Amino acid sequence: SMASPALLMRVVASAYSVAEKAATIVRNVMSAGDLGIVEKAGPSDLQTKADRLVQMSICASLARKFPKVTIIGEEELPTDDVTEDLIEDGHCEEILKKPCPAQYTGIKEEELVIWVDPLDGTKEYTEGLLDHVTVLIGIAYGGKAIAGVINQPYYNYEAGANAVLGRTIWGVLGMGAFGFQLTEAPAGKHIVVTTRSHSSALVNECIAALNPDHVIRVGGAGNKIIQLIEGKASAYVFASPGCKKWDTCAPEAILHAVGGKITDICGNSFQYNKEVKHMNSAGVLATLRNYDYYASRIPNTVKESLVP
């Protein structure tokens with residue numbers, strides 16, 4: 001008989017289905033018309049009914065199947081009983097059929113940390129910029145992002161009434177990433193993707209120093225990593241605190257699985273063990289290719305302003 005799939009593959013397969021359920025919740029909240037917006041730290045830091053319901057759904061669904069895994073979500077929520085209609089029990093068969101990379105076959109539940117951003121790009125969601133929105137489930141082991149799921153609930157939403165909405169991208173280090181067409185940005189072009197709603201003098205000083213051909217301003221860390229892996233941008237640069245571990249864990253795993261690189265602005269890699277502070281206080285620098293080109297052009301004044 002076949003050995004049962006390794007724990008990591010079971011977690012990723014479940015996270016895939018859980019993310020698809022999350023996307024349905026996101027779309028349902030939007031179409032019902034009452035977003036239930038709450039300001040957290042200010043007008044650019046919002047939480048909606050979708051953020052709350054999705055986090056409850058993801059965390060409760062995964063905790064039920066993998067009770068010893070540590071799950072850290074963006075929203076501070078009461079841990080009341082979650083209603084059954086929010087629980088997703090399914091998994092993606094296709095993922096279970098793939099062999100687990102050898103270095104991860106012995107992982108135990110209590111060694112995994114799952115970082116959840118239930119709705120990355122909340123501000124854009126409230127403004128109807130639906131293609132910016134992602135659901136992020138990142139899986140870490142030994143402090144390192146090793147697997148991730150990114151769902152775009154509104155992928156294809158401008159393609160007309162009969163278009164199939166949404167897609168799920170997933171990846172595992174040592175295996176690759178799936179659900180999209182890996183594309184490199186045009187050679188010799190320096191296209192920088194950065195924040196849309198969290199700009200600052202420092203953010204702009206850093207971008208100017210890179211002398212980009214073009215700057216794309218969009219919401220969501222998940223969305224920005226997708227711009228890199230689909231060849232729409234050559235670097236994701238954010239010289240500011242504000243980004244958190246649940247923003248970068250899933251995107252990092254997917255980017256690294258296809259040979260890209262993400263660090264803070266100072267070149268330090270992110271740590272994802274459960275004790276780590278949540279804020280990525282020294283910003284983000286990410287590329288699919290040519291990381292060193294961009295890293296070498298970040299001004300020292302910018303690095304000195306951003307202490308990890």
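This one's a predicted model, so the numbers in the text were calculated from it and none came from an experiment. (Residues numbered from 1 in each chain as written. Predicted model: local features only at pLDDT ≥ 70, side-chain atom pairs only at ≥ 80, totals over all residues. Heavy atoms only, no water.)

Asks: Mind laying out the environment of Asn268, listing which residues take part and the relevant values?
Replies: On the secondary structure map, Asn268 appears in the loop between strand 12 (261–263) and strand 13 (284–287). Judged by relative accessible area, Asn268 falls into the partly exposed class, the value being 34%. In this structure the C-alpha to C-alpha distance between Asn268 and Lys65, which are 203 residues apart in sequence, comes to 34 Å. Setting aside anything within four residues of it in sequence, one finds Asn268 in contact with Thr263 and Pro308. (Helix = DSSP H or I, 4+ residues; strand = E, 2+ residues; numbered from the N terminus. Buried < 20%, exposed > 50% of the residue type's maximum accessible area, 1.4 Å probe, protein only. Contact = heavy atoms within 4.5 Å.)

Asks: Could you give an account of the sheet that holds strand 12, with specific residues and numbers?
Replies: As a general point, the strands of a sheet are linked pairwise by backbone hydrogen bonds and lie either parallel or antiparallel. Spatially, 10-9-11-13-12 is the arrangement adopted by the 5 strands of the open sheet, whose pairing is mixed. Two strands in the sheet have a free side with no partner beyond their single neighbour: strand 10 (214–217) and strand 12. Neighbour-to-neighbour, the strand axes of the sheet open up by a mean angle of 20 degrees, direction not taken into account. Pairing of strand 9 (residues 191–194) with strand 11 (residues 235–238) involves 2 bridges; the strand directions are parallel. Considered in strand 11, the bridge of Val192 is made with Ala235. Here helix 5 (residues 201–209) sits on the sheet and contacts strand 9, strand 10 and strand 11; the angle it forms with strand 9, its principal contact strand, is near 165 degrees. With respect to the sheet, helix 6 (residues 221–229) is in contact with strand 9, strand 10, strand 11, strand 12 and strand 13, its orientation differing from that of strand 11 by roughly 150 degrees. (Pairing = 2+ DSSP bridges. Axes fitted to C-alpha atoms, helices over the stretch in contact; angles between N-to-C directions.)

Asks: If you had to explain the pattern of salt bridges to someone new, which residues and values would you point to?
Replies: Close approach of charged atoms lets side chains of opposite charge pair. This structure, assessed with the given rule, holds 9 salt bridges. Between Glu230 and Arg167 there is a salt bridge whose closest N-O contact spans 2.8 Å. In this pair, Glu230 is assigned in the loop between helix 6 and strand 11 and Arg167 in strand 7 (residues 167–172), connecting sequence segments 63 residues apart. For the pair shown, Glu230 and Arg167 are each scored as buried. The salt bridge involving Arg289 is made with Glu184; its shortest N-O contact spans 3.0 Å. With Arg289 in the loop between strand 13 and helix 8 (291–295) and Glu184 in the loop between strand 8 (176–178) and strand 9, the pair connects residues that are 105 residues apart, well separated along the chain. (Salt bridge = Lys/Arg side-chain N within 4 Å of Asp/Glu carboxyl O.)

Asks: Any details on helix 5? Residues and values, ideally.
Replies: Buried residues of helix 5: Leu202, Val203, Cys206 and Ile207, and no others. Within helix 5, the buried residues cover an arc of 135 degrees as seen down the axis, which keeps them to one side. Opposite its buried face, helix 5 presents the exposed residues Ala201 and Ala208, each directed more than 90 degrees away. Along its buried surface, helix 5 packs onto strand 9, strand 10, strand 11 and helix 9 (300–305). (Arc of directions from axis to C-beta.)

Asks: So what's going on with the sheet that holds strand 7? Which residues, and what values?
Replies: With respect to topology, 6 strands assemble into an open sheet ordered 3-4-5-6-7-8, the strand pairing being mixed. This sheet does not close on itself; its edge strands, each paired only once, are strand 3 (70–73) and strand 8. Shown here is a sheet whose adjacent strand axes are inclined to one another by a mean of 15 degrees, direction ignored. One ladder, built from 6 bridges, connects strand 6 (residues 144–152) with strand 7; its direction is antiparallel. Residue pairing in the sheet places Asn151 in a bridge with Thr168 of strand 7. Packed onto the sheet, helix 1 (residues 7–32) meets strand 4 (112–120), strand 5 (134–141), strand 6 and strand 7 and runs at close to 30 degrees relative to strand 6. Relative to the sheet, helix 7 (residues 245–257) contacts strand 3, strand 4, strand 5, strand 6, strand 7 and strand 8, its axis offset from that of strand 6 by approximately 100 degrees.

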